[in-house]
Amino acid sequence: MTVWIAIVLAGLGCWLLKVAGLSVPPRILERPLVERVADLIPVALLSALIAVQVFTTGSELTLDARAVGLGVAVVLLVLRAPFLVVVFGAAAVAALLRLVA
Amino acid sequence: MAAAREDEERPERRDVVRDSLGVGVATGLYGASFGALGVASGLSVLQTCAMSVLIFTGASQFAFVGVLASGGAPLSGAFTALLLGSRNTLYGLRLAPLLALSRWRRLASAHLVIDESTAMAVTRPTTALARTGFYWTGLSIFALWNLFTFLGAVAGSTMGDPRAYGLDAAVGAAFLALLWPRLHERRSFAVGGLAAMVALLLVPVTAAGVPVLAAGGVALLAGVLPRTRDGGAS
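Owing to the predicted nature of the structure, the values given are computational and were not obtained by experimental measurement.

**Quick look at the overall build of chain A**
From N to C terminus, chain A includes five helices and two strands. Each helix and strand of chain A, ordered N terminal to C terminal, gives the series α-α-α-β-β-α-α. Taken across its 101 residues, chain A has 44% of its residues classed as buried.

Put into structure tokens, the structure is as follows:
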């Protein structure tokens, strides 16, 4: 039962957090400081998500096929490959590496 | 004149739709691994699906089941999900002036505010294109994420390890591709690198979800600190 309560609470809370962001009056965003921070936040969060997603397992730092996949993604992005090629290229190389390893 | 402008904008709109659906498919498929993980962490199929419908923000959901899988209490799982979900507030802040939504549409659209829908909207030059990116990405992910959560939960261990298909590497690559166009500024590059380092340093010593949030603090600090050189330029 507490599992259900936790799921509903998390769902409601996450929705309210999203609504709060959309409901802030625009004049607050027009302040240069807020604008600067709001520009940098996605950069910081995406970078951190990449690092955690690729280089950790549970609470340990790890280096495995995912890192090679990320390297492939960098190369493909430098070559200006389309988004899907980047994503599935990285997946294919990681899967292949695991297959032969 | 107006017709000419529309002709110019149409292929671009088609590009936005195509890219959005691409992100939608790539992200939605990953729902299968969430479904499988949810069941593996002790949730029922119904509970796992309810999370994807109600919470609908991937990182929060993974963090939630991660806490459950490591023996944590459901409520601390929910708290971790909220911590991670707080970044959607900042995305909303960025999206509000771009999407220019009415009050009621805001309440419904809020559910779709996630990493991918934000990334596919904020780089667009017009409200129309921003909305195209936001809704096509958000709705296609919502449909596929929930479908594949269900399939993954039902298949459970029988479909095998999603890592065998390299799906875990695909997520990192997708995030990087979303981040890539923002990295041309030296300041963004520095903030991104620092944020990644802070997150990795914190992973061994903090609960799941905290490292990413703390990395958000890097952006806050970098924004607040006064510029050292050419103060006028932006």
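What follows continues from the structure just given.
**Notes on helix α2 (residues 31-40) of chain B**
Among the ten residues that make up α2(B), nine are buried, leaving the element largely enclosed by the rest of the structure. Among the residues of α2(B), G31(B), A32(B), S33(B), F34(B), G35(B), A36(B), L37(B), G38(B) and V39(B) are the ones counted as buried.

**Here we look at the packing of helix α4 (residues 58-69) of chain B against helix α5 (residues 74-85) of chain B**
Residue and element names in this part refer to chain B. Relative orientation of the contacting elements α4 and α5 amounts to 155°, with a least axis distance of 8 Å. Taken together, the axis directions place α4 and α5 in an arrangement best described as roughly antiparallel. As for the relative orientation of α4 and α5, their crossing is right-handed in sense. Residue-level contacts link A59, S60, Q61, A63, F64, V67 and L68 of α4 to P74, S76, G77, A78, T80, A81, L84 and G85 of α5. Classifying every residue of the contact of α4 with α5 gives nine nonpolar, six polar and no charged.

**Focus on the interface of chain A and chain B**
In this complex, chain A contributes 62 residues to the contact, which on the side of chain B involves 79 residues. Only α1 (2-23), α2 (26-29), α3 (32-55), β2 (60-61), α4 (65-78) and α5 (83-100) of chain A provide two or more residues apiece to the side of chain A that touches chain B. Element by element, the count of residues in the side of chain A that touches chain B is highest for α3(A), at 20 residues. Split into classes, the residues belonging to the side of chain A that touches chain B amount to 47 nonpolar, ten polar and five charged.

**Some details on the nonpolar core**
Of all hydrophobic cores here, the largest spans 106 residues; its most connected members are A44(A), A48(A), A90(A) and A173(B). For this core, the element with the most residues is α3(A), which contributes 15 residues. Taken domain by domain, the makeup of this core includes at least three residues from each of domain 1 (2-182) and domain 2 (183-234) of chain B. Setting aside residues no more than four positions away along its own chain, A90(A) makes contact with G69(A), L70(A), V72(A), A73(A), A169(B), A170(B) and A173(B).

Rules and cut-offs
Just so you know, the residues in each chain are numbered from 1, in the order the chain's sequence is written. Ligands are numbered from 1 and chains lettered from A, in the order in which they are written. Where local features are concerned, this predicted model is filtered to residues with pLDDT of at least 70; where side-chain atom pairs are given and counted, the filter is 80 or more; whole-chain, interface and lining totals use all residues. Comment: elements are numbered from the N terminus, with helices defined as DSSP H or I runs of at least four residues and strands as E runs of at least two. Once C-beta atoms are placed from the backbone, each residue is buried if 20 or more other C-beta atoms lie within 10 Å of its own, exposed if 12 or fewer, and partly exposed for counts between those two. Only the contacting stretch of a helix is used when fitting its axis, a line to C-alpha atoms as for every element, and angles between N-to-C directions run 0 to 180 degrees. What sets the label is the angle itself: under 35 degrees gives roughly parallel, over 145 gives roughly antiparallel, 65 to 115 gives roughly perpendicular, and the rest give oblique. What makes a crossing left-handed is the near helix being turned counterclockwise from the far one by less than a right angle; a clockwise turn instead makes it right-handed. We call two residues in contact if the C-beta atoms placed from their backbones are at most 7 Å apart. Asp, Glu, Lys and Arg are counted as charged, while Ala, Val, Leu, Ile, Met, Phe, Trp, Tyr, Cys and Pro are counted as nonpolar; the rest, among them Gly, fall into the polar class. By convention the nonpolar core is taken to be a set of buried residues drawn from Ala, Val, Leu, Ile, Met, Phe, Trp, Tyr and Cys and joined through C-beta atoms within 7 Å. The split into domains, and so the bounds of each, comes from an automatic or database assignment of domains.

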